[in-house]
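Understanding the architecture of this molecule
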Amino acid sequence: MKLILAVVQDKDVTRLQDALTEHDFKTTKLASSGGFLKEGNTTLMIGVDDEEVDPCLEIIQDNCSKREQMVAPISPMGGNADSYIPKPVKVEVGGATVFVLPVEAFHHF
Amino acid sequence: MKLILAVVQDKDVTRLQDALTEHDFKTTKLASSGGFLKEGNTTLMIGVDDEEVDPCLEIIQDNCSKREQMVAPISPMGGNADSYIPKPVKVEVGGATVFVLPVEAFHHF
Amino acid sequence: MKLILAVVQDKDVTRLQDALTEHDFKTTKLASSGGFLKEGNTTLMIGVDDEEVDPCLEIIQDNCSKREQMVAPISPMGGNADSYIPKPVKVEVGGATVFVLPVEAFHHF
Ligand code: NI
Ligand code: NI
Ligand code: NI
């Protein structure tokens, strides 16, 4: 038995939880913020049997990897919006920081 | 030293914390949601000496076990409330998912 | 690799996070409450290499140790405020409860 703690971006958490549920992993969401990832983030706790660690990590990687996204920048306040055509810029989104912890005992009451 | 992480239903958490405090266990509450238990839940962190793991688990079991409860169902909206006598139904409440983690070092500053 | 879980008082968390960031430690903040420390508290998760555990603990100790502070007590409601000169009283603030957990694997996606 292992406890997987995965810190992921808020924008990825619903898709990740759906994918984990589909593969019968049960997750608990902890409200978290800052630090490992720049934007709002969530920490998932996932209790898994030893042989399920790798499949679980694969699902996390598939749904939360760092990737680039084109976003339209906000036009500057007070600028002449009519003459300003915002150019989409590449930003990095996603990413996951994952700790796999040993578990001495697991109970379900 | 072990770290006990207990995910319990919100409705059980005050009674559990009172019982743990009465037996000199100190708890920290993490806001959590979803997953292991269907309703709103809370994750308690409890640091305990090795020989206190079993007594602590017993208190969690005593206060948070799954059990059945009779509840009066909400009468359906728009239904004829006068002629409708809701029959209490059995629902399962409570339950706890508990991880016992090894601790390498503990400090109190 | 270790995972450090530090429960610290809310009033110390910004200074602690600044100090940890300055020394290149990355932290994730979990909303927490009650228990180990009387006032509002926050739990920080910090993933560190084995040789960085002691430096990290030192930063936590430097920024969060229990200490005494003089505070002006609130004057009692309905009392004669004019004739009442509140005497500052010593209160204990700060403090940290820290768990160092072994980590089996660490991933960054
Ligand atoms: Ni699949
Ligand atoms: Ni008792
Ligand atoms: Ni320094």
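Use the structure listed above.
Residues numbered from 1 in each chain as written. Chains lettered and ligands numbered in written order. Predicted model: local features only at pLDDT ≥ 70, side-chain atom pairs only at ≥ 80, totals over all residues. Heavy atoms only, no water.

1. Some remarks on the overall build of chain A
- Within chain A one finds two helices and seven strands.
- Expressed as a percentage of the 109 residues in chain A, the buried residues total 44%.
- The contacts of chain A with a sequence gap of at least 6 include a subset with a gap of at least 24, amounting to 72%.
- Here chain A displays about 5900 Å² of accessible surface, and carbon together with sulfur accounts for 50% of that area. (Helix = DSSP H or I, 4+ residues; strand = E, 2+ residues; numbered from the N terminus. Buried < 20%, exposed > 50% of the residue type's maximum accessible area, 1.4 Å probe, protein only. Contact = heavy atoms within 4.5 Å. Areas by Shrake-Rupley, 256 points an atom, 1.4 Å probe, with all protein chains shown as cover.)

2. Some thoughts on the relation of the copies chain A and chain B
- Expressed as a screw operation, the relation of chain A to chain B combines 0.0 Å of axial shift with a rotation of 120°, fitting to an RMSD of 0.0 Å. Here the symmetry operator amounts to a three-fold rotation axis. The position closest to the rotation axis in chain A is occupied by the C-alpha of A:Ala31, lying 3.5 Å away.
- Looking at chain A, a mere 20% of its interface residues are interface residues in chain B too, so the copies touch through different faces. (Least-squares fit on C-alpha atoms with pLDDT ≥ 70 in both.)

3. Focus on the packing of helix H1 (residues 10-22) of chain C against helix H2 (residues 53-64) of chain C
All names here are of chain C.
- Following both chains from N to C, one finds H1 and H2 inclined at 145°, their axes separated by 9 Å at the closest point. Here the hand of the crossing between H1 and H2 comes out right-handed. Within the contact between the two elements, H1 uses Asp-12, Arg-15, Leu-16, Ala-19 and Leu-20 and H2 uses Cys-56, Ile-59, Ile-60, Asn-63 and Cys-64.
- Of the residues contributing to the contact of H1 with H2, the split by class is seven nonpolar, one polar and two charged. (Axes fitted to C-alpha atoms, helices over the stretch in contact; angles between N-to-C directions. Left-handed = near helix turned anticlockwise from the far one by under 90°. Nonpolar A, V, L, I, M, F, W, Y, C, P; charged D, E, K, R; others polar.)

4. Structural notes on the environment of B:Val93
All names here are of chain B.
- Along the chain, the position of Val-93 falls in strand S5 (residues 89-93).
- Residue classification places Val-93 among the buried positions, given a relative accessible area of 2%.
- Considered as a pair, Val-93 and Arg-67 are 26 residues apart in the sequence and their alpha carbons are 5.5 Å apart.
- When near neighbours in sequence (up to four residues on either side) are disregarded, Val-93 contacts Gln-9, Lys-11, Ser-65, Lys-66, Arg-67 and Gln-69.

5. Some points on the environment of A:Arg15
Residue and element names in this part refer to chain A.
- By the secondary structure assignment, Arg-15 is in helix H1 (residues 10-22).
- Through-space distance from the C-alpha of Arg-15 to that of Asn-63 is 6.9 Å; in sequence the pair is 48 residues apart.
- For Arg-15, the contacting residues outside a window of four places in its chain are Asn-63 and Arg-67.

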